[in-house]
Amino acid sequence: EAVLATEFPIRRIYCVGRKYRAHTLEMGGNPDRELPFFFQKPADSAIVCNPSSSLSTKVNATVVPYPMATSSLQHEAELVVAIAKDGSRIPTESALDHVYGYSIGCDLTRRDIQAEAKKMGRPWDAAKGFDSSCPLSHIVPKEDVTLNDDTEIQLYVNGTIRQSSELGKMIYSTQEIISHLSQLFHLQKGDLIMTGTPAGVSDLNVGDEVSITCGELPPCEFFVGAQV
Ligand code: MN
């Protein structure tokens, strides 16, 4: 039985940069040389999306407003790991012991602001951590879902596929990400980790219907609403 993300009080939302080889290449990075790096979104940027039937019927569908101050809002479909057990300097071998469950989410990005920040050597907060920047599906306890290297994560906009990858194409595994992150932060119950996006990121427009699927996990589905 899926647990509502609202029943999993969110403490922090950590995000990983450049986690899939093809996306690292499309963003101008070198997948063979770069260690994972991390940034955060505010916990209150999370929007728990209503169950899948709502998009087709448009009844009770989740609406994510198009944010202010951008003309390039982009989607990044990501597997989300929910942490249940505190820890720091966690070895890779025991990293999964700290996992409560999984969800899927969209690391919404104001790409034009991010490009400017990269160019100027400035922080990414305004590009990544804006209001409503983190739509999420419901969280499923790990014992209730099977995810393999060949499980596909896919993102559709208005029914057209934009992103698709096997989870096994991540440069670093979920265990390695948890281990790396826990060398920097004391992970605690309620932390979410967005594990990075595959290639195919692109602009969203007002009125677009976004749907992210990943194996047995409930889909993350929302409409892009009018600009705030
Ligand atoms: Mn991302």
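Just so it is clear, the structure is predicted and the values come from calculations on it, not from any experiment.

(A) Expanded view of the state of the cysteines. Applying the stated rule across the entire model yields 0 disulfides. The closest cysteine sulfur to the non-disulfide-bonded Cys106 is located on Cys220, 6.4 Å from its own sulfur. For Cys106, a relative accessible area of 0% gives the class buried. Cys214 carries a free sulfur, and the closest cysteine sulfur to it, the one in Cys220, is 11 Å from it. Given the relative accessible area of 0%, Cys214 is considered buried.

(B) Structural detail: the side chain of Ser133. Here Ser133 is to be found in the loop between α4 (125-128) and β9 (134-136). Among residues more than four places away in sequence, those in contact with Ser133 are Lys41, Ser45, Cys106, Asp107, Leu108 and Lys128.

(C) Seen up close, the packing of aromatic side chains. Going through the model one piece at a time under the given rule, you end up with 4 aromatic pairs. Seen in terms of ring centroids, Tyr14 and Phe185 are 5.0 Å apart; in terms of plane orientation they differ by 45°. Their pairing is tilted. In this pair, Tyr14 sits in strand β1 (residues 13-17) while Phe185 sits in the loop between α5 (174-181) and β13 (192-194), placing the two residues 171 residues apart along the sequence. The exposure class of Tyr14 is buried, given its relative accessible area of 0%. A connected cluster of aromatic rings, assembled from ring pairs, spans Phe37, Phe39 and Trp124. We note Lys41 situated over the ring of Phe130; from NZ or CZ to the ring centre the distance is 5.9 Å.

(D) Here's a closer look at the coordination of the manganese ion. Ligation of the manganese ion by protein atoms is provided by Glu76 (OE), Glu78 (OE) and Asp107 (OD), these donors lying 2.0 to 2.1 Å from the ion. Classification of Glu76 by relative accessible area gives buried; the value is 4%.

(E) Region of interest: the sheet that holds strand β14 (residues 209-214). Read across the open sheet, the 5 strands follow the order β4-β15-β14-β11-β12; overall the sheet is mixed. Each having just a single partner strand, β4 (63-65) and β12 (160-166) make up the two edges of the open sheet. Averaged over all adjacent pairs, the angle separating strand axes in this sheet is 20°, with direction ignored. The pairing of β14 with strand β15 (residues 217-225) spans 5 bridges and is classified as antiparallel. The residue bridging Glu209 from the neighbouring strand is Phe223, located in β15.

(F) Structural context of the side chain of Gln114. Note that Gln114 resides in helix α3 (residues 111-120). Every residue in contact with Gln114, bar those within four places of it in the chain, is listed here: Met27, Thr109, Trp124, Ala127 and Lys128.

Here is what the cut-offs are and how they apply
Residues numbered from 1 in each chain as written. Predicted model: local features only at pLDDT ≥ 70, side-chain atom pairs only at ≥ 80, totals over all residues. Heavy atoms only, no water. Disulfide = S-S within 2.5 Å. Buried < 20%, exposed > 50% of the residue type's maximum accessible area, 1.4 Å probe, protein only. Helix = DSSP H or I, 4+ residues; strand = E, 2+ residues; numbered from the N terminus. Contact = heavy atoms within 4.5 Å. Phe/Tyr/Trp six-rings, centres within 6.5 Å; stacked < 30°, edge-to-face > 60°. Lys NZ or Arg CZ within 6 Å of the ring centre and 35° of its normal. Donors = N, O, S within 2.8 Å, 3.2 Å for Na, K, Ca; no water. Pairing = 2+ DSSP bridges. Axes fitted to C-alpha atoms, helices over the stretch in contact; angles between N-to-C directions.

Function cannot be inferred from these measures alone, as they are strictly geometric.
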